[in-house]
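Tertiary structure, described
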Amino acid sequence: MSEEIFAKVKQIKEEIENAQPQGAEAIEQFRIRYLGSKNILKPLFGEIKNIANERKKEFGQLVNEVKQVAEAQLEALQAGQQDAADQNEASHLDLTAPAKQMQLGAKHPLSITMERIINIFERIGFNIEEEREIEDDWHNFTAMNTPEDHPARDMQDTYYLKDSTEMLLRTHTSSVQARVMKREKPPIRIIAPGRVYRNETVSARSHCQFHQVEGLYIDENVSFADMKQTLLYFAQEMYGKDVKIRLRPSFFPFTEPSAEMDVYWGLETEDDYRITKGTGWLEILGCGMVDPNVLENCGIDSKKYSGFAFGMGIERQAMLLYGINDIRLFFENDIRFLEQFKSAR
Ligand code: PHE
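Heads up: these notes are all about the structure in this document.

**As for helix α4 (residues 53–87)**
A rise of 1.5 Å per residue sets the reference length of α4, with its 35 residues, at 51 Å; its end C-alpha atoms lie 52 Å apart and thus fit the reference within 8%. Taken together, the buried positions of α4 are F59, L62, V63, V66, A70, Q73, L74 and L77. For α4, the secondary structure elements touched by its buried residues are α1 (2–18), α2 (23–35) and α3 (42–45).

Below is the structure:
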């Protein structure tokens, strides 16, 4: 008699070990059958009385063991169930839910300013030329009428490449003038935006890297008046129709005569006094008639052709347009600064 009961318990144990219930419903059935309050083992306890005394302990141990096996099995089944649920999450995605908001980047204020300037000149037929930032001495200085012993070289503190007296980081975009004049025949009408470098102490007002836009116009019979009208048009487009400009005599080795152009900024606030040094006028570019030496250096007949050139700094103008008071902000890539230009144009 007791052998029969033992056999029955062992059969249940095997059954439990082989059980492979699939899905939450089947697992719950498994739990009820082997571990629930009316589980399949319960009735067996009623039969203990039929077991010989000396085997009662053994029987108790066996039933306990079966219970533990069932518990372990249930735990494993439930864990597997959770994994499956996790994997299934994708199928529970709500495809109709509104999308997460995308983080749009902002254009850099220097790019915005540069694009504005480029646009203004493109509208009157200037083409964009982009050239190298690592230049040779010839294009940056010599061709631009600034020979080796020329004092004007001291005007710009130059970064030379390591161990080189030839290769340098261009100190102005005027080097593009030389490249374009050597390559193309007049009429030439280009603007050249880009980065330039000078060995200067970094402060709120000046930096060792900054940006310029160069302009060059070469054709027959180009006059100073043409230059002035072109620059007036630029100033009006950039700063408003009733902007006032003035040209002050200046000096550059590559232009003759040379001038600097100021726009009238006004003297209303304390800031206006500070940024215009009390004059109300702001210098925004250098310009002049291309020196015949420069034309000849670059293979253009200076008897037949004349032209004008100008070069303007971008940082200065961007600072004015957006009320930025420290040039270093442009180069720090601080998101808190850059984010503010999301809607700027
Ligand atoms: N290259 C000059 C500068 O960097 C600007 C300039 C360009 C002046 C062209 C005259 C003509 O200051």
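The rest of the description comes next.
**Here's the deal with the side chain of N140**
The residue N140 is located in helix α6 (residues 137–142) in this model. Those residues in contact with N140 that sit more than four places away from it in its chain are L168, R170, T171, H172 and S175.

**Quick word on the side chain of R170**
Looking at the secondary structure, you find R170 in the loop between β3 (167–169) and α7 (174–183). Despite being buried, R170 has no salt bridge partner; E133 is the closest side chain of opposite charge, sitting 4.7 Å away. A distance of 3.1 Å separates the side chain of R170 from the backbone oxygen of R132, its partner in a polar contact. Separated by 2.8 Å, the side chain of R170 and the backbone oxygen of R195 make a polar contact. Beyond its immediate chain neighbours, meaning those up to four positions away, R170 contacts E131, R132, E133, E135, N140, S175, V176, P193, G194, R195, V196 and Y197.

**Observations concerning the sheet that holds strand β8 (residues 281–290)**
An order of β1-β4-β5-β9-β8-β7-β6 is seen for the seven strands of this open sheet, with the pairing classed as mixed. The sheet terminates laterally at β1 (127–128) and β6 (245–252), the two strands that pair on one side only. Note that β8 and strand β9 (residues 306–313) share five bridges and pair antiparallel. Paired with G288 across the strands is A309, a residue of β9. Where helix α5 (residues 109–122) meets the sheet, its contacts fall on β1, β4 (188–197), β5 (209–219) and β9, and the angle it forms with β5 comes to roughly 5 degrees.

**Quick notes on the site of the ligand**
Within the structure, the ligand sits among 14 residues, and H172, S174, R198, Q212 and G311 are positioned closest to it. In the environment of the ligand, an oxygen atom lies 2.9 Å from a nitrogen or oxygen atom belonging to the side chain of R198. Surface burial for the ligand is 92%, taken as the share of its 320 Å² of free accessible area covered by protein chains. Mapped onto the shell around the ligand, the elements with two or more residues apiece are α7, β5, β8 and β9. By residue number, the principal contributor to the shell around the ligand is β9, which donates three residues.

**Side note on a nonpolar patch on the surface**
Together, I134, L161 and M167 make up an exposed nonpolar region whose accessible area comes to about 210 Å². Turning to its location among the elements, I134 is positioned in strand β2 (residues 134–136).

**Looking at the pattern of salt bridges**
Summed over all chains, the structure comprises 20 salt bridges. Between E3 and R55 there is a salt bridge, with the nearest N and O atoms lying 2.5 Å from each other. Here the residue E3 occupies a position in helix α1, and R55 occupies one in helix α4, the gap between them amounting to 52 residues. A relative accessible area of 21% places R55 in the partly exposed class. It is possible to trace a salt-bridge network through shared partners that takes in E129, E131, R132, R183 and E184.

**Some remarks on the pairing of β8**
Along β8, nine of the ten residues are buried, which leaves the element largely enclosed by surrounding structure. By the bridge criterion, eight bridges tie strand β7 (residues 255–264) to β8 in an arrangement that is antiparallel. Residue M261 lies in a different strand from β8, and its bridge partner there is L285.

**Here's the deal with unusual backbone geometry**
Negative phi is the rule for most residues except glycine; trans is the rule for most peptide bonds. Between P186 and P187 the backbone carries a cis peptide bond, its omega angle lying at 0 degrees. Relative to the helices and strands, P187 resides in the loop between α7 and β4. A cis amide bond links E256 to the next residue, P257, at an omega of -5 degrees. The residue P257 is located in strand β7 in this model. Of note in this structure, N333 is not a glycine but carries a positive phi near 55 degrees. Tracing the backbone shows N333 in the loop between α11 (314–322) and α12 (335–338). In this structure N333 comes out as exposed when scored by relative accessible area, which is 54%.

**A few points about the packing of aromatic side chains**
According to the stated counting rule, one finds 14 aromatic pairs in the structure shown. Centroid distance F121 to F126: 5.4 Å. Interplanar angle 70 degrees. Geometry classified as edge-to-face. The residues F121 and F126 share a single accessibility class, namely buried. Between F330 and F337, the aromatic rings sit 6.2 Å apart at their centres with planes inclined by 75 degrees, giving edge-to-face as the arrangement. A relative accessible area of 2% places F330 in the buried class. In this structure, R55 is placed above the aromatic ring of F6, and the distance from its NZ or CZ to the ring centre is 4.1 Å.

The rules behind the values
Residues numbered from 1 in each chain as written. Predicted model: local features only at pLDDT ≥ 70, side-chain atom pairs only at ≥ 80, totals over all residues. Heavy atoms only, no water. Helix = DSSP H or I, 4+ residues; strand = E, 2+ residues; numbered from the N terminus. Expected span 1.5 Å × (residues − 1). Buried < 20%, exposed > 50% of the residue type's maximum accessible area, 1.4 Å probe, protein only. Contact = heavy atoms within 4.5 Å. Lys, Arg positive; Asp, Glu negative; His and termini not counted. Salt bridge = Lys/Arg side-chain N within 4 Å of Asp/Glu carboxyl O. Polar contact = N/O pair within 3.5 Å; in protein donor to acceptor, adjacent residues only side chain to side chain. Pairing = 2+ DSSP bridges. Axes fitted to C-alpha atoms, helices over the stretch in contact; angles between N-to-C directions. Near = heavy atom within 4 Å. Areas by Shrake-Rupley, 256 points an atom, 1.4 Å probe, with all protein chains shown as cover. Patch = residues over 30% accessible without salt bridge, like charges linked within 9 Å, V, L, I, M, F, W, Y side chains within 5 Å. Phe/Tyr/Trp six-rings, centres within 6.5 Å; stacked < 30°, edge-to-face > 60°. Lys NZ or Arg CZ within 6 Å of the ring centre and 35° of its normal.

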